[in-house]
Amino acid sequence: MVLVCCIPTRGVYKLYSPATPVFYLAIIHNKNGKQKSLIDAMLKENEELSNLLNESEVQNMFSSIKHCHGQLVELKKKLMFLHKKTLTLEKRANVLRVAKQREALQREHQKESMLVREQELISKQS
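A quick note: this is a predicted structure, and the numbers were derived from the prediction, not measured.

### Section: the overall build of the chain
- Of regular secondary structure, the chain possesses three helices and zero strands.
- Starting at the N terminus and ending at the C terminus, the chain contains elements arranged as α-α-α.
- For the chain, with 126 residues in total, the buried portion stands at 1%.
- Total accessible area on the chain is roughly 12800 Å²; 64% of this is exposed by carbon and sulfur atoms.

Structure representation (structure tokens):
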């Protein structure tokens, strides 16, 4: 039984060895160039953003936005309170309306019963 080793011989290694490092170096150089350009672009954008944040107009705008947001939150709270109040008043009005209808119906029944009673009294007298 013969064992075969997978280690390349010197001849095969020489064929591929010189081209491989040059190819990888070209790829690495290309990647480094792209990385440097991206880093430069990000640094430039960060510098622009920091300059914008330092301007007084932007600071005033942010403070104005914060103030308006606070007003909106307060307005929302007031609207929620008014909505709850409206619901309770509507329920109360509905209860009062039903009670008045009941009273009107009872008065109507009383009037009818009084008329019937008067008619009975008149018919008994005659």
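### Looking at the pattern of salt bridges
- This structure, assessed with the given rule, holds two salt bridges.
- Between K77 and E74 there is a salt bridge whose closest N-O contact spans 3.9 Å. In this pair, K77 and E74 both sit in helix 3 (residues 56–125), three residues apart, roughly one turn of the helix.
- Looking at E74, the relative accessible area reads 43%, which means it is partly exposed.
- In this structure, E103 engages R107 in a salt bridge whose closest nitrogen and oxygen atoms are separated by 3.8 Å. Within this pair, E103 and its partner R107 are both found in helix 3, separated by four residues, close to a single helical turn.
- With relative accessibility at 43%, the residue E103 sits in the partly exposed group.

### Some remarks on a nonpolar patch on the surface
- Taken together, L72, L75, L79, F81 and L82 make up a surface patch of nonpolar side chains, about 530 Å² in accessible area.
- Within the element layout of this structure, L72 appears in helix 3.

### Side note on the confidence of the model for the chain
- In this model, the chain carries a mean pLDDT of 85, and residues with pLDDT of at least 70 account for 82%.
- When mean pLDDT is taken per element in the chain, helix 3 scores highest with 93 and helix 1 (residues 10–16) scores lowest with 59.

What counts and what doesn't
- Residues numbered from 1 in each chain as written.
- Predicted model: local features only at pLDDT ≥ 70, side-chain atom pairs only at ≥ 80, totals over all residues.
- Heavy atoms only, no water.
- Helix = DSSP H or I, 4+ residues; strand = E, 2+ residues; numbered from the N terminus.
- Buried < 20%, exposed > 50% of the residue type's maximum accessible area, 1.4 Å probe, protein only.
- Areas by Shrake-Rupley, 256 points an atom, 1.4 Å probe, with all protein chains shown as cover.
- Salt bridge = Lys/Arg side-chain N within 4 Å of Asp/Glu carboxyl O.
- Patch = residues over 30% accessible without salt bridge, like charges linked within 9 Å, V, L, I, M, F, W, Y side chains within 5 Å.
- pLDDT = per-residue confidence, 0-100.

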